[in-house]
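A look at the structure
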Amino acid sequence: MCRNIRRLFNYEPPATEEEVRDAALQFVRKISGSTRPSKRNEAAFDLAVTRVAAAVHELMAAMESDQPARNREADAEKARQKSAARFS
């Protein structure tokens, strides 16, 4: 799957509308094979992004977790350390 799609569930504060839309956009780009649709396909592309974002919202609203909420800053620091170790 696309590396740019990040975990959105079980964070405090919850994922923003922008984060959900960005993930939906990345997903639609990946499966369509196009980063920018032609004018002819733009409406279908935008509709797909909107529907995927709505599905993500529904999914996250229905999910439950016994785990404590995750910390975005801590996860970002772990990713930076992993990247530094991988590319150094």
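Look a little higher up for the structure.
Residues numbered from 1 in each chain as written. Predicted model: local features only at pLDDT ≥ 70, side-chain atom pairs only at ≥ 80, totals over all residues. Heavy atoms only, no water.

Quick word on the nonpolar core
Formed by Leu8, Ala15, Val20, Ala23, Ala24, Val28, Phe45, Val49, Ala53 and Met60, the largest nonpolar core amounts to 10 residues. At the level of elements, helix 1 (17-32) and helix 2 (42-62) are the ones that each hand at least two residues to this core. Apart from the residues lying within four places of it in its own chain, the contact partners of Ala53 are Val20 and Ala24. (Core = buried A, V, L, I, M, F, W, Y, C linked by side-chain atoms within 4.5 Å. Buried < 20%, exposed > 50% of the residue type's maximum accessible area, 1.4 Å probe, protein only. Helix = DSSP H or I, 4+ residues; strand = E, 2+ residues; numbered from the N terminus. Contact = heavy atoms within 4.5 Å.)

Quick word on the layout of surface pockets
Roughly 210 Å³ of internal volume is contained in the second largest pocket. Forming the walls of the second largest pocket are 13 residues, and the residues nearest its centre are Ile5, Arg6, Leu8, Ala23 and Val56. Elements supplying a minimum of two residues to the lining of the second largest pocket: helix 1 and helix 2. The greatest single-element share of the lining of the second largest pocket, amounting to 4 residues, is contributed by helix 2. When grouped by side-chain class, the residues that make up the lining of the second largest pocket number 11 nonpolar, no polar and 2 charged. (1 Å grid on protein atoms, 1.4 Å probe; cavity = no way out; pocket = protein on both sides within 12 Å on 5 of 7 lines; lining within 4 Å. Points joined across faces, edges and corners; volume = space filled by probe spheres on them. Nonpolar A, V, L, I, M, F, W, Y, C, P; charged D, E, K, R; others polar.)

Some thoughts on helix 2
Relative to the 30 Å expected for 21 residues at 1.5 Å per residue, helix 2 spans 30 Å between its end C-alpha atoms, a close match to the ideal helical length. Those residues of helix 2 that fall on the buried side of the exposure criterion are Phe45, Val49, Ala53 and Met60. The arc that holds the buried residues of helix 2, viewed along the axis, is 75 degrees, so those residues lie on one side. Pointing more than 90 degrees away from the buried face of helix 2 are the exposed residues Ala43, Ala44, Arg51, Glu58, Ala61 and Ala62. Those residues of helix 2 that are buried lie in contact with helix 1. (Expected span 1.5 Å × (residues − 1). Arc of directions from axis to C-beta.)

Here we look at the packing of helix 1 against helix 2
The geometry of a pair of packed helices is captured by two quantities: the angle between their axes and the separation between those axes. Two elements in contact, helix 1 and helix 2, have axes whose closest approach is 8 Å; the angle formed by their N-to-C orientations is 125 degrees. Between helix 1 and helix 2, the angle falls in the class oblique. The chirality of how helix 1 crosses helix 2 is right-handed. Contact with helix 1, carried on its side by Glu17, Val20, Arg21, Ala24, Leu25, Phe27, Val28, Arg29 and Ser32, involves Phe45, Ala48, Val49, Thr50, Val52, Ala53, Val56, His57 and Met60 of helix 2 and no other residues of that element. For the contact of helix 1 with helix 2, the residue count by class is 12 nonpolar, 3 polar and 3 charged. (Axes fitted to C-alpha atoms, helices over the stretch in contact; angles between N-to-C directions. Parallel < 35°, antiparallel > 145°, perpendicular 65-115°, else oblique. Left-handed = near helix turned anticlockwise from the far one by under 90°.)

Here we look at the pattern of salt bridges
Overall, the coordinates contain 4 salt bridges when judged by the stated rule. As a salt-bridge pair, Arg70 and Asp75 come within 3.1 Å of each other at their nearest N and O atoms. Arg70 sits in the partly exposed class, given a relative accessible area of 29%. (Salt bridge = Lys/Arg side-chain N within 4 Å of Asp/Glu carboxyl O.)

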